[in-house]
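Report on the structure
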Amino acid sequence: MLLSGKVAIVTGGNSGIGKSIALALAAEGANIVIDYIADPQATEDLEGQIVALGDKAIGVEADVSKVAELQKLVDTAVATFGRVDIMVNNAGIETRTSVLDTTEEQYEKVLEINLKSAFFGTQIAAKQMIKQGDGGRIVNITSVHEDWPMPGNTAYCLSKGGVRMLTRTAGVELGPHGITVVGVGPGAVATPINTATMNDPAAMKTLDAAIPIGRMAQPAEIGGVVAFLASDGASYLTATTVFVDGGIMHSSPGL
Ligand code: BGC
């Protein structure tokens, strides 16, 4: 197993891509800390699945857009498992609103959950890793839209653009401490964030046609990449993003 005995925190870990990451890390032997706000039952179910894989899991009630509550996640990891080896800043939302119709409230919520939580999650985890003295891994779940416009989803795009530069800058700053910082940029993934598209056959047809691989990703196809990036096999990768997008960013009609 790639991650035997490692301790990982996965924000937004009880649904969507986060859940697949928590399960993929656990399948490689990691013990897992996940946060929840709204759905203790989903968290308990996931804890059960992780325990069934032979690892330990703990769910913590925490709002990851608040610095004190991110600190609580790290403190719980240390109190329960003794350390933090892997921090996955995954929690994210989108409003599907344009530059013309995004409200102040929507803007703040998207930026706080997607960018502020990744920034302070990185900071707080890195401080703990530096204290431990033997490095660590920080994985930021961004999106193809860290670099590629998605009209009608402006606040989301700019939050992910921020995570892109967080990954690069923190990767440079933390390299001397043996901490790597890597972004993972999924394309379209079959998770609750895409429910509206998945319920619209015409939109799905257009989307599938735009993806060279011809379909959305399943969440496990993202989780597996994160598990590898958290492992020793990826020890020289930092300050960059790995896109897991079925080729969508590079698709072309050939005209
Ligand atoms: C967004 C989805 C979108 C996908 C591909 C993701 O980051 O959350 O809404 O379908 O990118 O464009």
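Our subject is the structure that appears above.
Figured I'd write up the structure that's included with this text. These figures come from a predicted structure and were not determined experimentally.

1. A closer look at the site of the ligand
Every residue close to the ligand is listed here: Glu 94, Arg 96, Ser 143, His 145, Met 150, Tyr 156, Gly 187, Ala 188, Ile 193 and Asn 194. One of the side-chain nitrogen or oxygen atoms of Ser 143 is found 2.7 Å away from an oxygen atom of the ligand. Measuring from an oxygen atom of the ligand, one finds a side-chain N or O atom of Tyr 156 at 2.6 Å. Relative to its unbound accessible area of 310 Å², the ligand is 91% covered by the protein chains. Its residues placed into classes, the shell around the ligand shows four nonpolar, four polar and two charged.

2. Remarks on the packing of helix α1 (residues 16-27) against helix α2 (residues 40-52)
Look at α1 against α2: their axes get within 9 Å of each other, and the N-to-C directions meet at 20 degrees. In terms of orientation, α1 and α2 fall into the roughly parallel class. Between α1 and α2 lies a crossing whose hand is right-handed. Taken together, the residues of α2 that come into contact with α1 (itself represented by Lys 19, Ala 22, Leu 23 and Ala 26) are Leu 46, Gln 49 and Ile 50. Tallied by class, residues from the contact of α1 with α2 come to five nonpolar, one polar and one charged.

3. Observations concerning the pattern of salt bridges
Opposite charge on two side chains permits them to pair, given that their charged atoms come into close proximity. Under the counting rule described, the total for this entry stands at eight salt bridges. A salt bridge links Glu 146 to Arg 168, with the shortest nitrogen-to-oxygen separation between them at 3.8 Å. Of this pair, Glu 146 sits in the loop between β5 (136-141) and α5 (154-174) while Arg 168 sits in helix α5, placing them 22 residues apart in sequence. Several salt bridges converge on common partners, so that one network encompasses Glu 146, Asp 147, Arg 164 and Arg 168.

Conventions used here
- Residues numbered from 1 in each chain as written.
- Predicted model: local features only at pLDDT ≥ 70, side-chain atom pairs only at ≥ 80, totals over all residues.
- Heavy atoms only, no water.
- Near = heavy atom within 4 Å.
- Polar contact = N/O pair within 3.5 Å; in protein donor to acceptor, adjacent residues only side chain to side chain.
- Areas by Shrake-Rupley, 256 points an atom, 1.4 Å probe, with all protein chains shown as cover.
- Nonpolar A, V, L, I, M, F, W, Y, C, P; charged D, E, K, R; others polar.
- Axes fitted to C-alpha atoms, helices over the stretch in contact; angles between N-to-C directions.
- Helix = DSSP H or I, 4+ residues; strand = E, 2+ residues; numbered from the N terminus.
- Parallel < 35°, antiparallel > 145°, perpendicular 65-115°, else oblique.
- Left-handed = near helix turned anticlockwise from the far one by under 90°.
- Contact = heavy atoms within 4.5 Å.
- Salt bridge = Lys/Arg side-chain N within 4 Å of Asp/Glu carboxyl O.

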